[in-house]
Each structure stands twice: as structure tokens, then as C-alpha cells.
Amino acid sequence: MKWATWERLDAAAAAGISAALVTRLADGAQSLFDGERWQGALDLAGEQRAAVRRMLAADKSGMLAGAEGLFVRCYARAPRLVVVGAAHISQFLAPMATLAGFEVIVIDPRRAFASAERFRGVTLIDAWPDEALEQVRLDATSAVVTLTHDPKLDDPALIAALASPAFYIGALGSSRTHAKRIARLTEAGLGDKAGRIHAPVGLDLGGRAPREIAVSILAQVIQVRYRGEGS
Amino acid sequence: MPTDAEEIFPPIRRWRASGLQVALATVVQTWGSSPRPEGSHLAVNERGEFVGSVSGGCIEGAVVTEALEVLAEGKPRSLEFGVSDEQAWEVGLACGGRVRVFVERLE
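A quick note: this is a predicted structure, and the numbers were derived from the prediction, not measured.

Caption draft 1: Molecular detail of the overall build of chain B. Across its full length, chain B carries three helices and five strands. Reading chain B from its N terminus to its C terminus gives the helix and strand order α-β-β-β-α-β-α-β. Relative to its full complement of 107 residues, chain B shows a buried share of 46%. Pairs at least 24 residues apart make up 51% of the contacts formed inside chain B by residues separated by at least 6 positions.

Caption draft 2: Region of the structure containing the interface of chain A and chain B. Between chain A and chain B, the residue contacts involve 20 residues of the former and 23 residues of the latter. Of the roughly 2000 Å² buried where chain A meets chain B, counting both sides, 61% is carbon and sulfur surface. Interface area lost by chain A to chain B is led by Met1, Trp3 and Trp6 of chain A, which between them contribute 36%. Joining chain A to chain B, the criterion identifies three salt bridges. Among the salt bridges present, the one from Arg16 of chain B reaches Glu7 of chain A, with a minimum N-O distance of 2.7 Å. Going through the elements one at a time, α1 (3-15), β4 (62-63) and β5 (70-75) of chain A are the ones with two or more residues in the side of chain A that touches chain B. Counted by class, the side of chain A that touches chain B contains nine nonpolar, five polar and six charged residues.

Caption draft 3: Spotlight on the packing of helix α4 (residues 129-136) of chain A against helix α5 (residues 151-162) of chain A. All names here are of chain A. Running from amino to carboxyl end, α4 crosses α5 at an angle of 30°, the nearest separation of the two axes being 8 Å. Classified by chirality, the crossing of α5 by α4 is right-handed. Each of Pro129, Asp130 and Leu133 in α4 lies in contact with α5, whose residues at this interface are Leu153, Pro156, Ala157 and Ala160.

Here is what the cut-offs are and how they apply
Counting from 1, residues in each chain are numbered in the order their sequence is written. The lettering of chains begins at A and the numbering of ligands begins at 1, in the order of writing. In keeping with the predicted nature of the model, local features appear solely for residues at pLDDT of at least 70, side-chain atom pairs appear and are counted solely at 80 or more, and the whole-chain, interface and lining totals rest on all residues. The side-chain numbers reported here are obtained from all heavy atoms of the structure, hydrogens and water having been left aside. In this description a helix means any DSSP run of H or I spanning at least four residues, a strand means any run of E spanning at least two, and both kinds are numbered starting from the N terminus. Any residue under 20% of the maximum accessible area for its type is buried, any over 50% is exposed, and the rest in between are partly exposed; the area is computed with a 1.4 Å probe on protein chains only. Contact definition: two residues touch when any of their heavy atoms are within 4.5 Å. Buried area adds together the accessible area that both of two parts lose upon being put together, with accessible area traced by a 1.4 Å probe. Think of a salt bridge as a Lys or Arg side-chain nitrogen and an Asp or Glu carboxyl oxygen that are within 4 Å of each other. Polar here means any residue other than Ala, Val, Leu, Ile, Met, Phe, Trp, Tyr, Cys and Pro, which are nonpolar, and Asp, Glu, Lys and Arg, which are charged; Gly is therefore polar. An axis is simply a line fitted to the C-alpha atoms; with a helix, the fit covers only the stretch in contact. Between two such axes, the angle follows the N-to-C directions and lies from 0 to 180 degrees. Left-handed describes a crossing whose near helix is turned anticlockwise from the far helix through less than a right angle; right-handed describes the clockwise counterpart.

None of the figures reported here should be taken as evidence of function without further support.
Structure (C-alpha cells):
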């Protein structure tokens, strides 16, 4: 590997940018893809580049299918779980998601809720959700869950999430609450996109305690990450 | 939990700053149940010091030896290891899988 290639990899990792390195095992020739640009001596065909892109999205390193001796190493950033609302469920969801390998960000403008005392080891942002989400810059490795029960906080977060490539969007609330939410979002011109929201949030595991709901949410986020929507 | 990059990149950075040569070993293919997935890294410097892992400990010694040769010669190479049941038992892994490891010099 050229030191110049390693420097780019190191810089991408430091900046939290996902990158993929393709190596031809016969001679060690390489090219690096940083999500936008390709750099390096190894030339890949269009469909090979598309395949590398898919592998990077799933963070799956391995030999490139249909190619002779090309190895793809994915250096993907940790998936992020953005929790809107420093509620009781969030206090269970944040540490569970951290253990499951997510970088967790909790957003709540109410300082008494979003206190470091209640949320150790996670990033806390005590700004309004639309402002906070702009700061977070949701990407295709991000999941967003709203848990405030308050449309004043949940709706701006959902509107921002629906405009992003986040791989998962979920909102706490009953089917009836969600129907009202859909009506509000439709009024805001997002009726065609609101179907992306998982609500009632989480897999139906039967538990109703906050810690059990946290498990069901985390399970659904992981399921959608690997199986995609409609799973 | 640190990613591979978080674990091995800082030592590589330090070794380079100290003027040490560095080789990188990567698991590129696995068959059966292997201890470490594809993409796992082991970095070795010219003194034989290493960070990261490409197995549960069964083949690291052999990989370091090969990496020192790659540092001397400069040409990358692919190594194949069968993790025998006996070795697997010794390191507490009931795997018996096979791995292919690519070793290259940073230059």
C-alpha cells in the first residue's frame, strides 16, 4: 500500500467518513473510494464500482463477486442512532444501542431531561430537533427515533429526517396518534414520504415496560439495517 | 468498541513517525468457521512488534514472520492457513476453518 493511500484512509477515519479500499491481490495495486471519489492506480468497471458501493453501505468486506482476485476492505463509520427526546425509554435505549455498536446522539431542548447525569457516554444536544439534526447531518448510516410524545418536538425532527437519506425513521405513539401525525405531515406536504416512518415504533415483542420497548426499537433498527425496509 | 481503524491506525502512525518500516496483513477470504472475519488487520513493524489480529492467536506468529520477509523484499504475498482442530483446541476455538491472508508493505 502506498503511504499516500494510507494517509487518505487515516484522514477519512478521523473525519468519520466511510471509505472502501479495493486491492488486486496478484500485484497489490489499489484504489480508494471515499463515498464520492475514486483515487488510485487500479481501474474498475462501472458495475464493479457499483458493487463496491453496495458493500460499503452494508459494511461488508470480502472478495468482489464476479471479479478475479479483487478484495474490498470497507472502513465504515459506526452506524448512528439519533434519539429525539431524553425520555425514560431513551435512558434504556441509549446504553443498549451503544453496546450494540451504534454511536448514540440524544437530542432534547429541555435541559433537565438531557442531562449528562442521566445519559453517560452519549452525545447530548440540547437544541430544538430541527436545528440539532442540521448539526448532526443525517446520512445513509443514520437511524432516527422520536420519543417525546410531543408533536412540537417530534414533528420538526420527523420533517428533517424525512428529507434525509437516514436508513430508519421511527416514531413512538399509538396507531391513533400516528394517524393524526400523518395528517399533520400531509398538511406540511410530506404525505408521500410519511410512509417511511415506522409507527407504532419497534418490533412487536409484547413487552410494555420502557426497557422492553427499548429492546424492540433497537431490534427493528438492526433488522432494517441488514434486511432493508419491508422486512 | 474500537473499530480496526481505531485500533491499528494510531500505532502505524507512530511507527512511521519513528522511521520504522510497516507491513499490513489482512484476512481476505475465509472458509468454514474462521476466528476473524474478512477485513481483519494485523500491522507489523520491522522489529516484529504487531497490533491487531487475523485469527484467535493461532497464526499470528507465522504471519509476523512472513510480514518481515515482505518488508525485506517489498513484494506483497497471499498466505493460506488451515486452522487445524488441534490448534483450534489449543487457543480455545472449535473452528477448523481456513483463512487466506494478504500481506503488503507500506511504501
